Amino acid sequence: MAQITATMVKELREKTDAPMMECKKALTEADGDIARAEEILRVKLGNKASKAAARVTAEGLIGLYIAADGKTGAVIEVNCETDFVAKNDDFIAFVNDLARLASEKAPADVAALNELPLGEGTVESTRAALVGKIGENLSVRRFERYETADRLASYVHGGRIGVLVDVAGSEDVGKDVAMHVAASKPKALSADGVPADDIARERSVAEQKAAESGKPAEIVAKMVEGSVQKYLKEVTLLSQPFVKNDKQSVEQMLKEKGAKVNRFALYVVGEGIEKKVDDFAAEVAAAAGNA
């Protein structure tokens, strides 16, 4: 039996927002496996244990650029250490320059982007100089570039959420879809694009919940399939209720407008990054012990 430490309980609580004792019980049942413990909590507590997916854990800025003809564009995430620096004019200008470069020069990846000319040197030398000026580490994390025969639309919310949409339709439809994506945060355009691992995880949780119902196997199978389909409807753009009219789905809205979404990119600052949280009291205690 694995030893359940306070650090493990704290980590699971931060991931799930579940009560501390529930986290400890789940870790004990999972023999210290945090991923399995998180699954156990989702079975027991439902959506109350899945808040971590929407939690932002790092600072930075999302940059967006679309060319004047609306055919090429890019969305980019650049990270920094504090929210204060994310509002720095030099940092904002740097991020905007990178979004433009990514769109215009079509670099293959972040490494290629870093080698592009910028200012009196390259993107990388400019980044290094900015680190020295600002006093914080800065990193270019990711970008996505679109080129289309149709139209690109975008939306940025507070510099922390950025959406780029490739759409066949009017400018207004493109803007509406971009704002919807920012608000509803779909994982994919349709069910075909949802990662298999995500579907498997939802199916596992649904199976465990259904098994506890004590109902016949054929009913349990229908319950599981119903739960999976409900999940897919919630996380796919075309199936989601349209934010400006929840009586129709996004797919129905697009059909009504004679429009079509080809693809979209959604960036949320710090998504998937674990931010180090300093324990000042522990640091003081450790320093006192070493003195």
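Residues numbered from 1 in each chain as written. Predicted model: local features only at pLDDT ≥ 70, side-chain atom pairs only at ≥ 80, totals over all residues. Heavy atoms only, no water.

Draft legend 1. Just the pairing of strand S1 (residues 59–66), in detail. Among the 8 residues of S1, 6 are classified as buried, and the element is accordingly described as predominantly covered. Between S1 and strand S2 (residues 72–80), which follow one another and run antiparallel, lie 5 residues, and Gly70 among them has a positive phi close to 75°. (Buried < 20%, exposed > 50% of the residue type's maximum accessible area, 1.4 Å probe, protein only. Helix = DSSP H or I, 4+ residues; strand = E, 2+ residues; numbered from the N terminus. Pairing = 2+ DSSP bridges.)

Draft legend 2. Quick look at the confidence of the model for the protein. The predicted model of the protein averages 88 in pLDDT, with 89% of residues at 70 or higher. Under a pLDDT of 50 for its full length, residues 51–57 has, in the predicted model, 15 contacts with residues more than four places off or in other chains. (pLDDT = per-residue confidence, 0-100. Contact = heavy atoms within 4.5 Å.)

Draft legend 3. Focus on the pairing of S2. For S2, the buried fraction is high: 9 of the 9 residues fall into the buried class. A two-sided burial pattern is seen for S2, the buried positions comprising Thr72, Ala74, Ile76, Val78 and Cys80 on one face and Gly73, Val75, Glu77 and Asn79 on the other. Two elements, S1 and S2, share 8 bridges in a ladder whose sense is antiparallel. Counterpart to Leu64 in the pairing with S2 is Val75. In this sheet, strand S5 (residues 139–147) lies alongside S2 in antiparallel orientation, the contact comprising 8 bridges. Within S5, the residue paired with Glu77 across the bridge is Arg142.

Draft legend 4. Region of interest: the side chain of Gln240. You can see Gln240 is positioned in the loop between helix H10 (217–235) and strand S8 (241–242). Taking the relative accessible area as the measure of exposure, Gln240 reaches 4% and is therefore buried. A polar side-chain atom of Gln240 sits 2.8 Å from a polar atom in the side chain of His180. One polar contact links the side chain of Gln240 to the main-chain carbonyl oxygen of Glu234, over a distance of 2.8 Å. When residues no more than four places from it in sequence are discounted, the contact partners of Gln240 are His180, Ser184, Lys185, Pro186, Lys233, Glu234, Val235, Gln248, Ser249 and Val250. (Polar contact = N/O pair within 3.5 Å; in protein donor to acceptor, adjacent residues only side chain to side chain.)

Draft legend 5. Here's a closer look at the packing of helix H8 (residues 171–184) against helix H11 (residues 250–257). Where H8 meets H11, the closest approach of the two axes is 12 Å, and the angle between their N-to-C directions is 175°. It follows that H8 is roughly antiparallel to H11 by the angle criterion. Facing H8, whose interface residues are Val173, Val177 and His180, H11 presents Val250, Met253, Leu254 and Lys257. Of the residues in the contact of H8 with H11, the class split is 5 nonpolar, 1 polar and 1 charged. (Axes fitted to C-alpha atoms, helices over the stretch in contact; angles between N-to-C directions. Parallel < 35°, antiparallel > 145°, perpendicular 65-115°, else oblique. Nonpolar A, V, L, I, M, F, W, Y, C, P; charged D, E, K, R; others polar.)

Draft legend 6. View of the nonpolar core. With 22 residues, the main nonpolar core has Ile76, Val78, Phe91, Phe94, Leu98, Leu113 and Val123 as its most contacted residues. Looking at this core, the element that brings in the most residues is helix H5 (residues 89–105), giving 7 residues. Filtering out sequence-adjacent residues up to four positions away, Phe94 remains in contact with Val78, Leu118, Val123, Thr126, Arg127 and Leu130. Judged by nonpolar contacts, the second largest core, of 20 residues, contains Ala178, Ala182, Leu237 and Val268. (Core = buried A, V, L, I, M, F, W, Y, C linked by side-chain atoms within 4.5 Å.)

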